[in-house]
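# Structure at a glance
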Amino acid sequence: MSERSVSKQKQQKRWYTVLAPEQFGREELGSTPATEVEQLYDRQIETTLGELRSDASENNTKLTFKINDVGSDTAYTEFVKHELTRDYMRSLVRRGSSKIEAFITVLTTDDYRVQIQPVALTTKSADESQEKAIRRTMIDMVKETATDHTFEDLIDSVVEGRLSSAIYNEAKTIYPLRRVEIQKATLEARPEEVAAEEETSVDVEE
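Computed from a prediction, not measured in an experiment: that's the story for all the values here. (Residues numbered from 1 in each chain as written. Predicted model: local features only at pLDDT ≥ 70, side-chain atom pairs only at ≥ 80, totals over all residues. Heavy atoms only, no water.)

### What to know about the packing of helix H4 (residues 128-148) against helix H6 (residues 162-171)
Put simply, the rule is: Only C-alpha atoms enter the line fits that serve as axes; for helices the fit covers just the stretch in contact. Angles between N-to-C directions range over 0 to 180 degrees. Think of it this way: any DSSP run of H or I at least four residues long counts as a helix, any run of E at least two long counts as a strand, and we number them from the N terminus. When describing relative orientation, an angle under 35 degrees is termed roughly parallel and one over 145 degrees roughly antiparallel, while 65 to 115 degrees is termed roughly perpendicular and anything else oblique. With the far helix as reference, a near helix turned anticlockwise by less than a right angle produces a left-handed crossing, and one turned clockwise produces a right-handed crossing. Only heavy atoms matter for contacts: two residues are in contact if any of them lie within 4.5 Å across the pair.
Between H4 and H6, the least distance of the axes is 10 Å, while the angle of their chain directions is 140°. Taken together, the axis directions place H4 and H6 in an arrangement best described as oblique. Pair H4 / H6 crosses with right-handed handedness. Within the contact between the two elements, H4 uses Ile134, Thr137, Met138, Met141, Val142 and Thr145 and H6 uses Leu163, Ala166, Ile167, Glu170 and Ala171.

Structure below.
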């Protein structure tokens, strides 16, 4: 490619300001370049809750957003993942205690499919029946929360710690807990994708 062609491509490249979804206050996530608007769609942007809120104590929470709309020189995003850093999760584990995990896929009231991964950490080592009871409590509470909440409200309860706090208060009656966290929440499918899957399932059954 000639120097002139390279120079022309650079001239065509535009920078777009990327904004977080409305539920995250439309905070600026940064800027991203593209020569064509279509190149921006589905591009993922990763940040931390600490960067969004200017609070370093929240830097252990990673957030991933995906560009789903573009207007003028601004790119808008949707939430796709909330995840606690590995270093933070490792710091919670103590010798002689139990780490109890669960993987729950739920459907919100507005038909978003989300996978939630809660984790409970006990003060001392729990026996098998206690671990099973705590895991069942986590699963039940996540499912109950999803059936009563929209996608936005569910993610808000994860990010703000309300869901983990509710699980902690319920599960600590089974065995003493040191902490409960939602280590990951991932958007698996939007309403239109869920509907398309259901239609395909019906066709197959027929």
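### A look at the environment of threonine 17
For the record, the criterion: Note on exposure labels: buried denotes an accessible area under 20% of the residue type's maximum, exposed denotes more than 50%, and partly exposed covers the range between, all computed with a 1.4 Å probe on protein chains only.
With respect to the helices and strands, the residue threonine 17 is situated in strand S1 (residues 14-19). Threonine 17 gets classed as partly exposed once you look at its relative accessible area, which sits at 25%. Along the chain, threonine 17 and serine 31 lie 14 residues apart, while their C-alpha atoms are 4.5 Å from each other. Among all residues touching threonine 17, those that are not within four sequence positions of it are Glu28, Gly30, Ser31, Asp73, Thr74 and Ala75.

### Section: the pattern of salt bridges
Quick reminder of the rule: A carboxyl oxygen of Asp or Glu within 4 Å of a side-chain nitrogen of Lys or Arg is what we treat as a salt bridge.
The tally for this structure, following the rule as stated, stands at 14 salt bridges. Here glutamate 78 makes a salt bridge to arginine 190, at a shortest N to O gap of 2.7 Å. One end of the pair, glutamate 78, is in strand S5 (residues 74-84); the other, arginine 190, is in the loop between strand S9 (177-189) and helix H7 (191-205), and 112 residues separate them in sequence. Like arginine 190, glutamate 78 is buried.

### As for the pairing of strand S4 (residues 61-71)
Put simply, the rule reads: Here, a strand pair is defined by DSSP locating no fewer than two bridges between the strands.
Bridge analysis of strand S3 (residues 44-48) against S4 gives 5 bridges, and the strand direction is antiparallel. Of the residues in S4, the one forming a bridge with isoleucine 45 is phenylalanine 65. Sheet topology places S4 next to S5; 10 bridges connect them, and they run antiparallel. The residue bridging lysine 62 from the neighbouring strand is glutamate 83, located in S5.

### Looking at the side chain of threonine 64
Tracing the backbone shows threonine 64 in strand S4. In this structure threonine 64 touches Gln44, Ile45, Glu46, Glu78, Phe79, Val80 and Lys81, once residues within four positions along its chain are discounted.

### Points about the packing of aromatic side chains
The following threshold applies: Two aromatic rings, drawn from Phe, Tyr or Trp (for Trp, its six-membered ring), form a pair once their centres lie within 6.5 Å of each other, and the interplanar angle then sorts them: stacked below 30 degrees, edge-to-face above 60, tilted otherwise.
Counted according to the given criterion, the structure contains 5 aromatic pairs. Summarising the aromatic geometry, the rings of phenylalanine 24 and phenylalanine 65 are spaced 5.2 Å apart at their centres and angled 75° between planes, so their arrangement reads as edge-to-face. One end of the pair, phenylalanine 24, is in the loop between S1 and strand S2 (28-34); the other, phenylalanine 65, is in strand S4, and 41 residues separate them in sequence. With a relative accessible area of 11%, phenylalanine 24 lands in the buried category. A residue is classified by how much of its surface remains accessible, and phenylalanine 65, at 0% relative accessible area, is buried. Between phenylalanine 65 and phenylalanine 79, the ring centres sit 6.5 Å apart and the planes meet at 75°, which makes this aromatic pair edge-to-face. Pair noted here: phenylalanine 65 is in strand S4 and phenylalanine 79 is in strand S5, with a separation of 14 residues, a long-range link. Summarising the burial analysis for this pair, phenylalanine 65 and phenylalanine 79 share the class buried. Ring-pair connections join several aromatic residues into one group, and the members of that group are Phe24, Phe65, Phe79, Tyr112 and Phe151.

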